[in-house]
Every structure is written in structure tokens, then in C-alpha cells.
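Examination of the molecular architecture
Each chain, letter by letter, is given below.
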Amino acid sequence: MIRKPVDIGDPHRLYTVTGGRSRGEEAGLDLVTLIVSECRPTEGMQSEHVRILELCGHPTAVVEIAADLRLPITVVKILLGDLLASGRITARNPRPSAAHGDAPESALLKEVLIGLRNL
């Protein structure tokens, strides 16, 4: 199997998109954090910010935003940090499981797995 190099885009474009920053404000964003727009795009906004606000009319995961924009996660987190700091978006982290007792029983999980394999 031949491995292809990961295409992270033109470095000059990424530098421009982030304003030369390699790290944003750490807002506790991870891949599954849900992002929701709090306003509509305004004239003069950076095109990537506009696209994020359009995408996030409903809760959208950070990883989905990165895939749609075709940008690396680190770049998307910087852009989201900008929008979060300006109050244009809200970030919601997934709720952790309250206790081990909330997890489904292993027998149920096995039945689901068998059903998926049979598809």
C-alpha cells in the first residue's frame, strides 16, 4: 500500500487565513464540540468566518466544519476562537457520561454489532 502525503493546503493561504497565528485562544474546543451561530454574517467579514456562520445555523461539530472548509483542524480552531471571542458563536461540549451505570449492557452492544455485520 502506498501512503499519500496529507494535503494540508497551501501554507501561504493558511498563514493568511489565520493572520499568521499558529495558536488561538484555547477555548476547550475538541473535535466533537458543537458550534452554533449566534448571528448572521456581516459585510466585510473574512470569507471563512462567513462560511462557518452559515454552516452553524444548527449545531455542527468542529470536525464537520473543518471537513466542509477543507482546512486543518488547528486552523479551524483559530477561526472558531475568533468567532467565540466576538460572541458570534456558542460552543457546547458533549456531556460526559454521569456514571458507569449509564453505559449500555455488553449483551445489547453485541446484538447491535451482529445486526450491523448482517447489513
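Residues numbered from 1 in each chain as written. Predicted model: local features only at pLDDT ≥ 70, side-chain atom pairs only at ≥ 80, totals over all residues. Heavy atoms only, no water.

Brief notes about the nonpolar core
What counts here: Here, the term nonpolar core denotes a set of buried Ala, Val, Leu, Ile, Met, Phe, Trp, Tyr and Cys residues that are joined through side-chain atoms within 4.5 Å. Relative accessible area decides the class of each residue, using a 1.4 Å probe on protein chains only: under 20% of the type maximum gives buried, over 50% gives exposed, and in between gives partly exposed. Helix and strand definitions here come from DSSP, where helices need a minimum of 4 consecutive H or I residues and strands a minimum of 2 consecutive E residues; each element is numbered from the N-terminal end. Residue contacts are counted whenever heavy atoms from the two residues lie within 4.5 Å of one another.
In this structure, Ile35, Ile52, Ile65, Val76 and Leu80 are the most contacted members of the largest nonpolar core, which totals 19 residues. Broken down by element, the residue count for this core peaks at five residues, all from helix H4 (residues 73-85). Once residues within four sequence positions are removed from consideration, Val76 is found in contact with Val62, Ile65, Ala66, Leu69 and Leu71.

Describing the sheet that holds strand S1 (residues 34-37)
Formally: By definition, two strands form a pair when at least two bridges between them are found by DSSP. To obtain each axis, a line is fitted to C-alpha atoms, and for helices this fit is confined to the stretch in contact; angles are then taken between N-to-C directions over 0 to 180 degrees.
In spatial order, the strands read S2-S1-S3; together these three strands make up an open sheet with antiparallel pairing. Two strands in the sheet have a free side with no partner beyond their single neighbour: strand S2 (60-61) and strand S3 (89-92). In this sheet, S3 lies alongside S1 in antiparallel orientation, the contact comprising four bridges. When the sheet's bridge partners are listed, Val36 is paired in S3 with Thr90. Against the sheet, H4 makes contact with S1 and S3, and its axis sits at roughly 115° relative to S3, the strand it touches most.

So, to be careful, I would describe these as geometric facts and stop short of saying anything about function.
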